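The primary structure of each chain is shown beneath.
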Amino acid sequence: MKISSKAAPVSFQNVSKIYGRDVLAVDDVNLDIEAGKLVTLLGPSGCGKTTTLRMIAGLEMATSGHILIGDADVTTLPATDRDVSMVFQSYALFPHMSVLENVSYGLSFSGFTKAETRERALVGLDLVGLKGFDTRLPSELSGGQQQRVAVARALVLEPQVLLFDEPLSNLDAKLRRQVREDIRAIQKDLGLTVVYVTHDQEEALAVSDEIVVMRNAAIAQIGTPRQLYDAPVDRFVADFIGEANLLPCSIEVVAGEQATIAIEDYRYDLPSRGIPVGPATMAVRPSRLVIGAKDGFHAKVAKATYVGVRMEYTLEAAFGSMFAVQDDVDTPLEVGTEVTVGFAEKGPVLLPEG
Ligand code: ATP
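Reading the values: the criteria
Residues numbered from 1 in each chain as written. Predicted model: local features only at pLDDT ≥ 70, side-chain atom pairs only at ≥ 80, totals over all residues. Near = placed C-beta within 6 Å. Helix = DSSP H or I, 4+ residues; strand = E, 2+ residues; numbered from the N terminus. Nonpolar A, V, L, I, M, F, W, Y, C, P; charged D, E, K, R; others polar. Buried ≥ 20, exposed ≤ 12 C-beta atoms within 10 Å, placed from the backbone. Pairing = 2+ DSSP bridges.

Draft legend 1. View of the site of the ligand. Taken together, the neighbourhood of the ligand is formed by 13 residues, with Tyr19, Ala25, Ser45, Thr50 and Thr51 sitting nearest. The dominant element in the shell around the ligand, judged by the number of residues it contributes, is helix α1 (residues 49–57), at three residues. In the shell around the ligand, the residues fall into four nonpolar, eight polar and one charged.

Here is the structure:
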């Protein structure tokens, strides 16, 4: 017996959700999630992530628009008629049932015989690394193990879409990393369609094929972790994904898609992104500032911190301060050192105003 995948794509077509009279939780969202991909909904508290997830599950109904799973329009279908499973932050295990009974629970309604149910549940437990834990009660497991049981319970149903609502929030940092790696490995292995909600950007970067950054009930940007990190569309995304220095600059020339910017005497060419000549703002990641570059602008080391795997610097330039990191921990720069700061490849991106 093998757990296989019936992975289906999910599509949101102009979906809105209004709670009560006027709480606009999701505002005209269009979104296509490919089958077999892990897509994360990421954003600050209240931006509409959970509501979006719950609308896929059928636990909330869209106020307008259409939701498709595979070819089927499920917009008005009740949760019980949708082929999706959800893993919650709180695990939601039945405390009086054994691990095996918990994992078997949903299967017993799915037309499997008792023997098939047992076999399938045992395979599910094996998949999440809990072989031999079948007779324990949830209270006899660690938090991480309880969450694995919840994952197994969802997996064995072979849903078209598997939903995770902040599944790691109740775990400590070390376990969080382990469980997220396991979830990702299983998802890839079985080719599952997973929609995953988190407000933790590092978690999103680590597990996702694609990240949907949400803000104020709408999508701010969709992209692979690298696309979002390398080319955030605006200040909000730049700030929310990883750390970003926002540097004032001036666009001197725009020629087609390329712009030449100036910071002091330093000139640098980069994509113009439709931003016109004049004062502008660039976002640049701390690791993409090159301290001691041949060409660059002037700054002074204001703070130097050794954090084991790298050095962290605060640099003061005439136009403000910035945060930089360097892998070289063996020859740290002294506070007060005058340096020339340039940009690494894929260094800065221009951001629109606002
Ligand atoms: P969090 O990270 O805090 O869980 P979220 O991004 O998941 O936030 P949602 O839970 O989807 O956001 O909430 C979006 C908006 O809808 C918020 O303003 C929230 O207060 C509101 N909201 C959510 N559920 C309800 C409800 N049942 N009734 C009324 N308003 C709600």
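Draft legend 2. Structural detail: unusual backbone geometry. Of note, the phi angle at Asp28 is positive, near 55 degrees, even though the residue is not glycine. Within the secondary structure layout, Asp28 lies in strand β2 (residues 23–33). Here Asp28 falls in the partly exposed class, since 15 other C-beta atoms lie within 10 Å of it. A positive phi angle, near 50 degrees, is found at Arg273, a position not held by glycine. Within the secondary structure, Arg273 sits in the loop between β13 (266–271) and β14 (278–284).

Draft legend 3. Spatial organisation of the sheet that holds strand β5 (residues 72–73). The strand order across the open sheet built from four strands is β2-β1-β4-β5, with neighbouring strands paired in antiparallel fashion. Looking at the sheet topology across the chains shown, the edges are occupied by β2 and β5. Note: strand β1 (residues 10–19) against β2, seven bridges, orientation antiparallel. Residue pairing for β2: Val10 is matched across the bridge by Ile33.

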